[in-house]
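Structure at a glance
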Amino acid sequence: MYRQQSDGPMKVFNNVLEMIGQTPMVKVSNIDTGPCELYLKLELMNPGGSIKDRIAVSMIEAAEQQGKLKPGMTIIEATAGNTGLGLALVAASKGYPLRIVMPDKMSQEKVNNLRAMGAEVMMTRSDVQKGHPEYYQDMAARLAEENGWYYVNQFANDANVAAHYNTTGPEIWQQMDGNLDAFVCGVGSGGTLTGIGRYLREQRDDIDLVLADPAGSILEPLVNRNEQVEAGSWLAEGIGEDFVPSICDIQLANKAYAISDKEGMQTARMLLEKEGVMVGSSSGTLIAAALQYCRQQSEAKRVVTLACDTGNRYLSKLFNDEWMRSNNLL
Ligand SMILES: Cc1ncc(COP(=O)(O)O)c(C=O)c1O
């Protein structure tokens, strides 16, 4: 049965920014989760379609309060796309011009969506790493410096972690009635792991914080074996790293799973078919790791992971058989 009026009065918001956060939690009910219960926090229901709306507001408001961002100043950010979309919502409502630097492996839908929202998008190479002048983060920092723009830098911005420590973490704990055994997430900037992870550990010091990492990223070997490896490449957008971002407290994760692109993308497709929830490639990776964790348990546990962004953003890729076939993902 769908929701009835008796669930409480329906709130009317003054603007879309007020609608960020307070996202629903839904139980996975048609997929084998072993002895466990697996819940998805539907961050894709934020108005910008991803978890990054939360950090966009938090980082812009912090910069305003600290006097780093003045009225009319241009904002620039390095992003896989979702932080850019969140920033586009905030920038438009506050009147800041926005420039986005994005690696060229990201979906065309995100680029089109950003341009439609008035952002100027600059594409750069996906096949170079930190320290290379064409690496997206180095490029955004350089452009900011040369032009006097405000570089948000989610990878080193404490307001990113604060958004999740102050909102996402407490929401998860409340929605689970303080009865939660494990939380599974990925790392792009590390904001979710650090902010949510820190909050949840403070509520329960033996909670499992599980990293879902695309195979090829340097993080899973670091968490599981304290091993430093060279970064490879992967197709999941927005998670996996070639370095540990300065805001990321990777030590919080006590276990990690390396998930292949094939498994992550097929899990995203299965989630849509079986649960009616349409997520992107990174969330497919998170859910694949969460399912492995759940099925490996010998006792019943309550586990939460995130549906980080909407799969509508990947119709040309993960939900396109031709693209999947040409990348050997079917
Ligand atoms: C699309 C997307 N971007 C980024 C992230 C990672 O978030 P963070 O930048 O907080 O590490 C996720 C989460 O797992 C994600 O699904």
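Further up the page is the structure itself.
Now for a quick tour of the structure. Computed from a predicted model, the values in this text were never measured in an experiment.

Procedures and definitions
Residues take numbers from 1 onward in each chain, read along the sequence in its written order. Note on the predicted model: pLDDT of at least 70 is required for a residue's local features to be given, and 80 or more for side-chain atom pairs to be given and counted; whole-chain, interface and lining totals, by contrast, use all residues. Note: side-chain values were computed over all heavy atoms of the structure, leaving out hydrogens and water. Put simply, a residue is near a molecule or strand once any heavy atom of it comes within 4 Å of that molecule or strand. We define a polar contact as two N or O atoms separated by no more than 3.5 Å, with the added condition that, inside protein, one atom must be a possible hydrogen donor and the other a possible acceptor, whereas residues neighbouring each other in sequence contribute only through side-chain atom pairs. Under the convention used here, a 1.4 Å probe and the Shrake-Rupley method define accessible areas, while residue burial counts only the protein chains that appear. Cavities and pockets are defined on a 1 Å grid built over the protein atoms alone: a cavity is a set of grid points where a 1.4 Å probe fits but cannot escape, while a pocket is an open set with protein on both sides within 12 Å along at least five of seven lines, and lining residues are those with an atom within 4 Å of any such point. Here the criterion for a molecule occupying a pocket or cavity is that more than half of its atoms lie within 2 Å of the pocket grid points. For helices the rule is a DSSP run of H or I covering at least 4 residues; for strands it is a run of E covering at least 2, with both sets numbered from the N terminus onward. If DSSP finds at least two bridges between two strands, the strands pair. Orientation is described by axes fitted as lines to C-alpha atoms, over the contacting stretch for helices, and by angles from 0 to 180 degrees between their N-to-C directions. When checking whether two residues touch, look at their non-hydrogen atoms; a contact exists if any pair is within 4.5 Å. Summary of the burial criterion: residues with accessible area below 20% of their type's maximum are buried, those above 50% are exposed, and those between are partly exposed, where the area comes from a 1.4 Å probe applied to protein chains only.

**Comments concerning the site of the ligand**
The environment of the ligand is made up of 16 residues, and the closest members are Lys52, Gly188, Ser189, Ser282 and Cys308. At 2.8 Å, a backbone N or O of Thr192 approaches an oxygen atom of the ligand. Contact between the ligand and Ser282: an oxygen atom at 2.3 Å from a side-chain N or O atom of the residue. Computed on the free molecule, the ligand has an accessible area of 400 Å², of which 98% lies beneath the protein chains in the complex. More than half of the atoms of the ligand fall within 2 Å of the grid points belonging to the largest pocket. Secondary-structure elements contributing two or more residues to the shell around the ligand are α6 (191-203) and α9 (281-296).

**Focus on the sheet that holds strand β7 (residues 182-185)**
Think of a sheet as strands paired side by side through backbone hydrogen bonds, with each pair either parallel or antiparallel. Taken together, six strands build an open sheet; the order of strands is β1-β2-β10-β7-β8-β9 and the sheet is mixed. Two strands lie at the open edges of the sheet, namely β1 (25-27) and β9 (255-259), each paired on one side alone. Pairs of neighbouring strands in the sheet enclose a mean axial angle of 25°, with direction left out of account. In this fold helix α5 (residues 158-175) packs onto β1, β2 (37-42), β7 and β10 (302-307), with an angle of close to 140° to the strand it touches most, β2. This element, α9, spans β2, β7, β8 (208-214), β9 and β10 of the sheet and lies at about 125° to β9.

**Looking at unusual backbone geometry**
Not every positive phi belongs to a glycine, and Asn153 is a case in point at roughly 50°. Although it is not a glycine, Asn328 adopts a positive phi angle of roughly 55°. As for its placement among the helices and strands, Asn328 is situated in the segment after α10 (321-326).

**Section: the pairing of β2**
The element β2 is largely enclosed, with a buried count of five among its six residues. One ladder, built from three bridges, connects β1 with β2; its direction is antiparallel. Looking at β2, one finds that Met25 is bridged to Lys41. Here β2 runs beside β10; their pairing, made up of six bridges, is parallel. The residue of β10 that forms the bridge with Leu42 is Ala307.

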